[in-house]
Amino acid sequence: MRHFKIAAIPGDGIGQDVIAAGVRVLEALAKRDRSFAVSFDHFDWGSDRYKAVGSFMPEDGAAQLQNYDAIYFGAVGAPDIPDHLTLWGLRLNICQPLDQYANVRPTRILPGITSPLADVTSEDLDWVIIRENSEGEYAGQGGRSHKGQPHEMATDVSVFTRHGVERIMRYAFEVARSRPAKHCTIVTKSNAQRYGMVMWDEIAAEVARDFPDVTIEKMLVDAMTVRMTMQPASLDTIVATNLHADILSDLAAALSGSIGIAPTANLNPDRSTPSMFEPIHGSAFDITGKGIANPIGSFWSAVMMLEHLGEAAAAAHLMRAIETVTSNPMYHTADLGGTATTEQVTQAVIDVIDGRNIAEADKAGGAHAQSGD
Ligand code: GGG
């Protein structure tokens, strides 16, 4: 039996709640399936550490993570720390040194969940967004000078390299090839950005020649927002730059029902470093400490982690349990219009994993009744 060592980094806000929930679910799954074993080391990296010692994670943090099979991450962001410090201090400080260059964001309307788009069903909206995760607008190039003076200036320079663009296109087309539609939309803005984005388009066309079985199309990012809302069924695999995909994937999550259910994988496809799995949502300090965060995004991220680790059967088992629970509106948290707590959703997923009938438990006024928590 394979034993996976996972680094758990809950980070800030509701990251604490949803990672604790995900750890319980993964432990329950390992106990039930007996096909793999899992153990967790917990890291207190995040904004509280920054306030205490001046850094979000230790200087050798990325090197420490090399000792793990995968990283299970919550969220980063605090109301009293500027967002650029939290993002660069923790999330990007892990993704970039570990070269997790492919950020994979599947979007589907799960059973029991309704899209805000009229008449759009789960058949119409089934996408995978591939976010370039190592360079582009997040390359970290730029600067600020003459602070406070009339001629103060600031730059953020997008960096596109042939190496970076080629590998993300290849990765995206492989994903597209593995899906029934074999269709990939390349998001661009090469009308306005006439260097980096033009090279992005050119390299996409070059790499596409190696994928004659995949239908490729190009779409400007502004037009893409319209396409996603008006013709969702016409899309399948989508590849976009770091910033464009960040924005489009929030839209995608909202169109599929809630950002609370959306998962993501920060992959190092070469497997030379551990990959990192996290819900798309941030720390959500408006609901921190209330026990009402939706843990489904972190559970679905755990599915992606198991798939990456080669545990396809366990991943499928967890996904079925998630879908059984989302099918029942009694287990919808506030973001989905319900009243369930994080604890109730978590316990329901564990019950389904263990083969218990949650509908029966509810009728009996058992573990899941609102009053029980
Ligand atoms: N779990 C995702 C998370 O914590 N995201 C924080 C954030 O600010 N993300 C922005 C970005 O990655 O561009």
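What counts and how
- Residues numbered from 1 in each chain as written.
- Predicted model: local features only at pLDDT ≥ 70, side-chain atom pairs only at ≥ 80, totals over all residues.
- Heavy atoms only, no water.
- Salt bridge = Lys/Arg side-chain N within 4 Å of Asp/Glu carboxyl O.
- Helix = DSSP H or I, 4+ residues; strand = E, 2+ residues; numbered from the N terminus.
- Buried < 20%, exposed > 50% of the residue type's maximum accessible area, 1.4 Å probe, protein only.
- Axes fitted to C-alpha atoms, helices over the stretch in contact; angles between N-to-C directions.
- Parallel < 35°, antiparallel > 145°, perpendicular 65-115°, else oblique.
- Left-handed = near helix turned anticlockwise from the far one by under 90°.
- Contact = heavy atoms within 4.5 Å.
- Nonpolar A, V, L, I, M, F, W, Y, C, P; charged D, E, K, R; others polar.
- Domains from an automatic or database assignment.
- Buried area = accessible area lost by both parts, 1.4 Å probe.
- Polar contact = N/O pair within 3.5 Å; in protein donor to acceptor, adjacent residues only side chain to side chain.
- Pairing = 2+ DSSP bridges.
- Near = heavy atom within 4 Å.
- Areas by Shrake-Rupley, 256 points an atom, 1.4 Å probe, with all protein chains shown as cover.
- Phe/Tyr/Trp six-rings, centres within 6.5 Å; stacked < 30°, edge-to-face > 60°.

**A look at the pattern of salt bridges**
No. 1: Under the defined criterion, the tally for this structure stands at 20 salt bridges.
No. 2: Residue R24 pairs with E343 through a salt bridge whose shortest N-O separation is 2.8 Å. Taken together, the residues span a long stretch of sequence, with R24 in helix α1 (residues 15-33) and E343 in helix α11 (residues 342-353) at a distance of 319 residues.
No. 3: Relative accessible area serves as the criterion here: at 32%, R24 is assigned to the partly exposed category.
No. 4: The partner of D222 in a salt bridge is K189, and the shortest N-O contact between them spans 3.4 Å.

**Thoughts on the packing of helix α9 (residues 296-308) against helix α10 (residues 312-326)**
No. 1: Between α9 and α10, whose axes approach to 8 Å, the crossing angle comes to 160°. One way to sum up the angle between α9 and α10 is to call them roughly antiparallel. Taken as a pair, α9 and α10 cross one another with a handedness that is left-handed. Contacts from I296, F299, W300, A302, V303, L306 and E307 in α9 reach A314, A315, L318, M319, I322 and T326 in α10.
No. 2: Counted by class, the contact of α9 with α10 contains eleven nonpolar, one polar and one charged residues.

**Quick word on the domain arrangement of the protein**
No. 1: What the domain assignment reports for the protein is domain 1 (1-106 + 259-373) and domain 2 (130-243).
No. 2: Taken together, the contact pairs 16 residues of domain 1 with eleven residues of domain 2.
No. 3: Regarding the contact of domain 1 and domain 2, the summed buried area is about 1100 Å², with carbon and sulfur atoms giving 54% of it.
No. 4: Among the residues of domain 1 in contact with domain 2, Q96, Y101 and N103 are the three that bury the most area, contributing 44% of the side total.
No. 5: Linking domain 1 with domain 2 are one salt bridge, by the criterion used here.
No. 6: Two residues, R167 and D99, come together in a salt bridge whose shortest N-O distance is 2.9 Å.
No. 7: For the interface between domain 1 and domain 2, the tally reads six residue pairs in polar contact (both at pLDDT 80 or more).
No. 8: Contributing elements (two or more residues each) for the side of domain 1 that touches domain 2: α4 (83-95), β4 (102-108) and β11 (263-267).
No. 9: With five residues, α4 is the largest single contributor of residues to the side of domain 1 that touches domain 2.

**Notes on the pairing of strand β5 (residues 126-132)**
No. 1: Burial of β5 is extensive: six of the seven residues sit out of reach of the surface.
No. 2: Alignment of β4 against β5, held across seven bridges, turns out to be antiparallel. Across the sheet, the residue bridging to A102 is E132, located in β5.
No. 3: Across four bridges, β5 lies against strand β10 (residues 237-240) in parallel orientation. Its bridge partner being in β10, R131 is matched across the sheet by A240.

**Thoughts on the site of the ligand**
No. 1: Lining the immediate surroundings of the ligand are 13 residues, of which V76, Y138, E278, P279 and H281 lie closest.
No. 2: R91 has a polar side-chain atom sitting 3.0 Å from an oxygen atom of the ligand.
No. 3: Side-chain polar atom of R131 to an oxygen atom of the ligand: 3.0 Å apart, as the coordinates give it.
No. 4: When the ligand is considered free in solution it has 360 Å² of accessible area, and contact with the protein chains removes 83% of it.
No. 5: Mapped by element, the contributors of at least two residues to the shell around the ligand are β3 (70-75), α4 and β12 (275-279).

**Some remarks on the sheet that holds β4**
No. 1: Overall, mixed pairing links the ten strands, which are arranged β2-β1-β3-β12-β11-β4-β5-β10-β8-β9 in an open sheet. Of all strands in the sheet, those bounded by a partner on one side alone are β2 (36-42) and β9 (215-220). Sheet twist, expressed as the average angle between the axes of neighbouring strands with direction ignored, equals 25°.
No. 2: Relative to β10, strand β8 (residues 183-188) runs parallel, the two being bridged by three bridges. Counted as the bridge partner of T185 is I238 from β10.
No. 3: Strands β5, β8, β9 and β10 of the sheet are contacted by helix α6 (residues 196-208), whose axis makes an angle of about 165° with β8.
No. 4: Of the strands in this sheet, β5, β8, β9 and β10 are in contact with helix α7 (residues 221-230), which crosses β9 at around 110°.

**Description of unusual backbone geometry**
No. 1: Even without a glycine there, the phi angle at R34 is positive, about 55°.
No. 2: Tracing the chain through its elements places R34 in the loop between α1 and β2.
No. 3: At R271, a residue that is not glycine, the phi angle is positive and equals roughly 65°.
No. 4: Note that R271 resides in the loop between β11 and β12.

**Quick look at the packing of aromatic side chains**
Both the distance between ring centres and the angle between the ring planes are used here to describe each pair of aromatic rings.
No. 1: Counting across every chain of the model gives six aromatic pairs.
No. 2: Geometrically, the ring pair formed by F43 and Y68 is edge-to-face, given 5.7 Å between the ring centres and 80° between the ring planes. With F43 in the loop between β2 and α2 (47-53) and Y68 in the loop between α3 (61-65) and β3, this residue pair connects regions lying 25 residues apart in the sequence. As far as the burial class goes, F43 and Y68 line up, both buried.
No. 3: An aromatic cluster is present here, built from F43, W45 and Y68 joined pairwise through their rings.

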